Every structure is written in C-alpha cells, then in structure tokens.
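# Per-entry structural report
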Amino acid sequence: MCRKLVGDLATDAVQVSDGGKTWTFTLKDGVKGQDGSPITSEDVKWTIERLFAPHITFGPSYVQQWLTEADYKKAYEGPYDGKRLDTIETPDDKTIVFKFNVPHADANYAFAMGGYAIVPKDKDTKEKYDKEPFSSGPYVIKSHTVDKSMELERNPHWDANTDPIRGAYPDVWKLEFGQEALQITDRLVADNGPDQQAFTFYAAVPPERLQQVLNDQSLAERRMVNPSPYGNYYYFNLDRVKDIKVRQAINHAWPSKQIQQTLGGPQAAALPTTILNENTTVGYKPYDLFGKTAKPEGDIEKAKQLLAESGDPNPTIVYAYNQTPTRVQVTVVIKNALEKAGIKVVTKPLDRKTYYDSISQTKNEFDLYWGGWGSDWPSGSTVMPIIFGPVSDGGQNMSHLREPELDAKMKEISENPDIDAANAAWMELDKEIQEKYTPLVVGENRIATTLHGSKVGGAEIDPQMWIGTLAMYFFVYQTQVFSQPKYVPITEDPLGWFNGLPLPHPLLEGAGQVRDRGAAAAAPGRQPRRSPDRLPLPRGADDPGRGRRPGPGAPGLTRAIQRGGSGGPDACRSRRVLSTGPTRQWVRRPLRRAPAGSRRPPPGRRRRRRRCPPRTRPPRPARTARWCRPRRRRRPGATPGRRAAR
C-alpha cells in the first residue's frame with residue numbers, strides 16, 4: 001500500500017534548508033481549538049518545550065534530542081520557569097522554524113507522531129492535563145471514567161475544510177474498557193445484536209479460540225491477519241545481571257518453541273532472531289547468534305556450559321511479568337525451561353495498569369522483564385537509539401545499556417545521508433550489540449488475528465501501528481486515547497505509546513448505528529472526500545464498504561452513533577503537524593424507527609421509566625399509575641418515622 005505524508009495542522013509546503021538542519025512549517029488558515037481560539041505557532045513551540053519538563057515521562061523524544069542533545073532532560077527543563085528554547089523560532093503566528101543540531105532528512109516523519117499533540121499554554125495543566133486534554137479535531141471528550149468508559153462528542157469549532165484526513169461522520173463515540181480478549185472474541189464470533197456493528201482496535205483472538213476462528217469459513221470475511229511490526233524483547237537489567245555468560249546462557253536455554261505453542265502455534269507467533277523486525281526494516285538481513293532456528297526449544301546443555309564458565313554457575317533471576325492470562329502461562333514455560341538449565345527463577349507478577357511504570361524505573365528490583373518497541377518509521381534509527389538511548393525513569397532503555405562506543409556508532413549512522421548505507425549499518429550494529437553486550441532475549445513476534453462484526457465495512461489493519469482502523473489511519477492522539485487510561489496518561493504518549501509498547505489486553509470494541517441519509521444528505525462539511533492517496537475498498541455483494549483489517553489483543557468497547565453516511569473513529573486532532581493515510585468507508589445501515597404516530601419505542605430500545613410526579617402536582621391520568629408507585633401518606637397522629645397503627 002502506497003502512503004505519503006500530507007499536511008495536517010501544517011500545509012504541505014515544508015521548507016528544508018541548511019542541509020537538513022532547518023525545517024520551516026506554515027500553519028493552515030482556520031485551525032482552531034475546541035474553545036474556538038486559533039492555533040498559533042506559539043502553541044506549537046510551547047507544545048515541544050513542555051515535553052522537556054520532568055513530569056512528562058512518556059512519548060517520543062526525537063525532536064527534543066535533535067533540538068538539544070541526547071540527554072535532553074538535562075539540557076532543558078521546560079518553559080515553566082520562563083526559559084524558552086532558542087532553537088525554535090516563531091517569526092509570526094503561522095510560521096514555526098525548527099533548527100536542529102545535525103541534519104535529519106526524515107524529520108517530517110517525527111512530526112507526524114501523535115506524541116507531539118498541540119497543547120496551548122493557557123490549557124496546559126501540567127500533571128493534570130491527561131484528565132482534561134484540549135482538542136483541535138472533530139471530537140472532544142465529553143466524559144471519561146478511568147478504566148471504565150469514555151464518550152466523545154462533536155467539536156463545534158472543528159472545520160472540515162481545514163482537515164483533509166478525517167470525515168468525522170459519527171455524532172458520538174462511546175467506549176468501554178476492561179474486557180478480556182476471550183470475552184470479546186466470543187461476542188464477535190456470535191455476532192448478535194449490536195455486536196454485528198462492533199469492531200476491535202486492539203484485541204487479537206486469544207490462543208484458546210485461534211484454531212476455531214481460523215477454521216470457521218463463515219468468519220473468513222470478518223477475519224484479518226497481520227504480523228506484528230514491533231520487536232518483543234525480554235530485557236536484562238544490566239545493573240543487576242552483570243555477567244554476560246549468564247545472559248548468553250539464558251538466551252541459549254530460552255524456550256522459544258514452547259512459548260510459541262502457548263500463544264497458539266506458528267499461526268499466532270513467529271520466532272525472530274534479530275533485534276530489528278524484518279516486517280518494518282528496510283534492508284533487513286537475518287542472523288541467528290544463539291541457534292534458535294536449529295533448536296527453537298532451547299539448548300540446555302549449551303546453557304549449562306556457559307553457566308559453568310560464568311562467575312555464578314547457579315544464578316537466581318527475578319523475572320517480572322505483566323499479570324495477564326497469556327503472560328501468566330508464558331511465565332510458567334520460561335520458569336520451567338530456565339530451571340532445567342540450573343537457573344532459579346523468582347517470578348514477580350505486576351499489575352497491568354502500572355506494569356511499564358514499574359519496569360521503566362532505573363532502580364527497579366527485577367533482573368528480567370518483557371517489553372517491546374516498534375519503529376516509528378521503517379528505519380533502525382527509530383529503534384536502536386531509543387531502546388539503547390539515555391537511561392532515565394520512564395525511559396525506553398529498559399536494559400540500562402550505556403556504552404560511549406555504542407552511542408558514537410549510533411550517532412554516526414543516524415547522521416549518514418546515504419539511506420541505503422545507513423540501513424545496512426543498522427543491521428550490522430544489531431548483531432554486534434547481541435555479540436558484545438547481550439542486553440536482551442529476542443522474543444516472539446506475534447501474528448494478530450482479529451474479527452469485526454458482520455455489519456462493519458472498511459475495517460483494515462495499519463501495518464505500521466498494528467491496530468485496527470476504520471476510515472482512516474490513526475495519527476491523532478484522541479483516537480489512541482481510547483485504550484490508554486489503563487496504562488499511561490491519556491495525552492502524554494499517544495502515538496509513541498502505541499508504536500513503542502504493544503501491551504497485551506487493551507481491547508476496544510465499536511458498535512455503530514448509522515442513519516441512512518446518504519452522502520448527498522450529509523450535513524455541510526461532513527461529505528465523504530476522496531484524494532489520490534486514498535485507495536478504493538474491496539467490495540462485497542451485499543456490503544459496499546467491507547474491507548480487511550487485523551490488529552493485536554487487549555480490553556474496551558466502543559459504540560458510535562453516526563450521522564451523514566459512513567465514517568470511522570476520527571477522533572480529536574490536537575496534534576496536526578504532518579499526517580498520512582488512505583481513507584476507507586464504513587457501510588451505512590438504516591436506524592430502526594417506530595411507526596409514525598406510534599408511542600411505542602423503536603424495536604430493541606427500552607422504554608424509559610417515567611419519574612413519579614412531585615407531591616404538589618395534580619394527580620396524573622390513570623394510565624400513569626403503572627409507572628409510578630403512590631407515595632405513602634402518614635395517617636393523622638402517626639409518629640414520624642414509624643408506620644401508623646391501622
């Protein structure tokens with residue numbers, strides 16, 4: 001699928017000068033926040049500067065590092081004390097100039113990340129911002145109960161003419177969180193009632209249902225399959241596991257095949273051998289340093305040999321894991337395999353809500369833990385310098401690997417203007433890191449199989465983000481907000497969170513009701529639009545909007561009440577610098593209505609119970625007696641608070 005970057009908050013006309021060091025953007029006319037105030041270049045500058053503040057612990061760091069240095073938190077502490085960055089200039093309200101310390105030919109990709117969502121100064125509530133974020137897109141958050149639900153409603157100040165990416169057809173989006181993948185899969189397989197219009201953003205079919213879903217031909221049109229673009233790793237804490245022989249022994253003893261079977265077999269997971277993911281790396285070149293291809297079940301004898309050569313032939317490893325049903329099963333497999341090699345494993349379950357908060361602490365008390373990272377665009381430059389970058393609380397360097405020699409090599413490759421040479425160098429460095437430092441065990445690469453309801457069309461997978469989409473690609477923070485409340489602050493790491501951490505179990509489901517007015521009757525500013533970079537959808541005989549889409553596994557439910565034709569989860573557009581994405585359309589279904597003149601509610605809708613009238617009102621007609629229980633009156637002379645004697 002061909003995709004290109006297009007202007008979102010900014011115009012398509014981007015000026016690059018000084019050999020790639022200076023990038024100048026011009027904001028579009030008419031872009032406004034949810035309160036109707038115009039978005040200015042000063043808002044963009046403040047947005048970038050606030051990401052340096054200590055309370056921002058999640059999200060992308062590319063632009064911050066390019067404007068200052070690798071350890072950007074020490075170089076600048078944010079704008080709250082009045083100090084501003086001189087590497088960001090705002091010559092007028094619509095022009096924003098970024099001056100990097102070295103050339104970056106792919107900077108436009110970084111600005112397309114949702115982590116750079118616009119936060120105006122007067123709306124910045126620091127740590128409390130995730131409770132009430134500010135939107136510049138078609139929707140705003142109407143209500144949000146953490147870990148339970150969220151409802152989006154229309155942003156009255158959003159102008160469709162400034163937004164060529166989003167159709168914004170739903171009037172309301174209602175989301176619910178907390179369901180497990182098994183429960184969601186069973187509902188989608190049954191395809192009953194409102195679930196016929198349901199879809200998942202991020203919930204893969206669990207292992208216990210995988211074969212059923214794959215073998216049921218009636219589910220073929222509603223089934224989507226795609227390998228993960230992320231790298232899954234089991235990080236060593238190098239501050240605690242200091243002997244490389246022990247780390248290499250664990251790599252050789254690793255039960256890759258057994259984990260694969262636990263996850264559902266080869267149809268559910270592949271067994272990679274490199275740090276960089278072959279599905280999202282240009283110039284990928286495989287290698288197998290620890291013999292996983294020959295012995296995927298693990299080489300226990302080789303592991304014992306390495307342990308004998310180490311300084312601790314009988315080590316104890318504290319293994320922390322995310323307490324989800326799948327990870328509990330995988331932990332048992334890992335523990336059994338490593339103990340066969342003579343390694344004592346102490347398991348530490350962590351709450352799924354705070355899992356990454358726990359393992360990302362530099363002083364954590366764990367030796368080994370699972371994590372993941374995905375390239376933000378097809379280059380090793382968005383993987384290696386991140387997972388082996390600065391060590392800090394909340395950072396992405398989970399292994400705590402810090403080597404000046406390695407830093408120098410990554411810097412040299414990142415600044416190489418020859419893209420092909422740089423890609424080859426990243427693959428060479430991949431192997432060198434595992435040989436020289438062994439900071440991790442390369443984990444399984446999940447293959448997601450997902451379902452959607454039979455009345456949903458236009459569903460497909462975003463191969464870079466590995467989440468299901470409808471009618472658009474998600475490069476907007478409020479869309480990704482949907483599954484974040486269980487794990488990280490809503491707006492501090494929108495796209496960066498998704499690209500970086502493929503957590504298990506943040507599922508979102510969606511059900512929609514569409515009033516069939518047709519495109520011609522759509523409300524002004526909401527008509528479907530098509531541009532050359534938006535591809536047509538494969539069409540079925542009875543479903544003109546049906547497409548394909550896969551995505552991974554997790555909890556939450558979405559309901560959309562739509563108007564004006566077809567659409568998808570086009571959420572608020574608080575970040576709108578650069579974005580991309582072909583658009584798909586949703587199938588239109590008529591809303592069931594009651595017959596004209598009838599007092600009966602539409603089929604499937606419950607009649608609301610009428611409230612009892614106040615005591616001061618005159619008596620209601622007899623027909624209302626069945627709805628209201630008559631109030632008990634006190635008999636004259638009765639004691640208050642007690643029943644009167646009869």
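These numbers were taken from a predicted model, which means no experiment stands behind them. (Residues numbered from 1 in each chain as written. Predicted model: local features only at pLDDT ≥ 70, side-chain atom pairs only at ≥ 80, totals over all residues. Heavy atoms only, no water.)

## Quick notes on the overall build of the protein chain
When its secondary structure is counted, the protein chain shows 16 helices and 21 strands. Counting every position in the protein chain, which comprises 646 residues, the buried fraction comes to 56%. Pairs at least 24 apart in sequence give 76% of the contacts found in the protein chain among residues at least 6 apart. (Helix = DSSP H or I, 4+ residues; strand = E, 2+ residues; numbered from the N terminus. Buried < 20%, exposed > 50% of the residue type's maximum accessible area, 1.4 Å probe, protein only. Contact = heavy atoms within 4.5 Å.)

## Digging into the sheet that holds strand E11 (residues 269-270)
Here 3 strands make up an open sheet; going across it, the order is E9-E16-E11 and the pairing antiparallel. At either end of the open sheet lies a strand with only one pairing partner, and these are strand E9 (223-227) and E11. In this sheet, strand E16 (residues 445-451) lies alongside E11 in antiparallel orientation, the contact comprising 2 bridges. Considered in E16, the bridge of Ala270 is made with Asn445. Strands E9 and E16 of the sheet are contacted by helix H6 (residues 207-215), whose axis makes an angle of about 60 degrees with E16. (Pairing = 2+ DSSP bridges. Axes fitted to C-alpha atoms, helices over the stretch in contact; angles between N-to-C directions.)

## A few points about the pairing of strand E8 (residues 170-176)
Two faces belong to every sheet, and in a regular strand the side chains alternate between them. With 5 of 7 residues buried, E8 is to be regarded as a mostly interior element. Sheet topology note: the strand E7 (residues 149-154)/E8 ladder contains 5 bridges and is antiparallel. Opposite Met150, over in E8, you have Leu175 as the bridge partner.

## Overview of helix H10 (residues 325-340)
Spanning 16 residues, H10 covers 24 Å between terminal C-alpha atoms, matching the ideal 22 Å at 1.5 Å per step. Where H10 is concerned, the buried positions are Thr326, Arg327, Val330, Thr331, Val333, Ile334, Ala337 and Leu338. Around the axis of H10, the buried residues are gathered within 165 degrees of arc, so they sit on the same side. Where H10 ends, the next residue or the one after it, Gly342, has phi of about 100 degrees, a positive value. (Expected span 1.5 Å × (residues − 1). Arc of directions from axis to C-beta.)

## So, the side chain of Glu49
Within the fold, Glu49 resides in helix H1 (residues 41-50). Relative accessible area serves as the criterion here: at 0%, Glu49 is assigned to the buried category. A polar atom in the side chain of Glu49 sits 2.8 Å from the backbone nitrogen of Leu85. When neighbours within four sequence positions are excluded, Glu49 is seen to be in contact with Tyr76, Gly78, Pro79, Arg84 and Leu85. (Polar contact = N/O pair within 3.5 Å; in protein donor to acceptor, adjacent residues only side chain to side chain.)

## So, helix H14 (residues 419-436)
An α-helix turns once per 3.6 residues; consequently, residues spaced three or four apart project the same way. Over its 18 residues, H14 runs 25 Å from end to end, which matches the ideal 26 Å to within 8%, given 1.5 Å per residue. Lining the buried residues of H14 we find helix H7 (244-253), helix H12 (384-387), helix H13 (404-414) and strand E15 (440-442). With its phi angle positive at about 45 degrees, Thr438 sits one or two positions after the end of H14.

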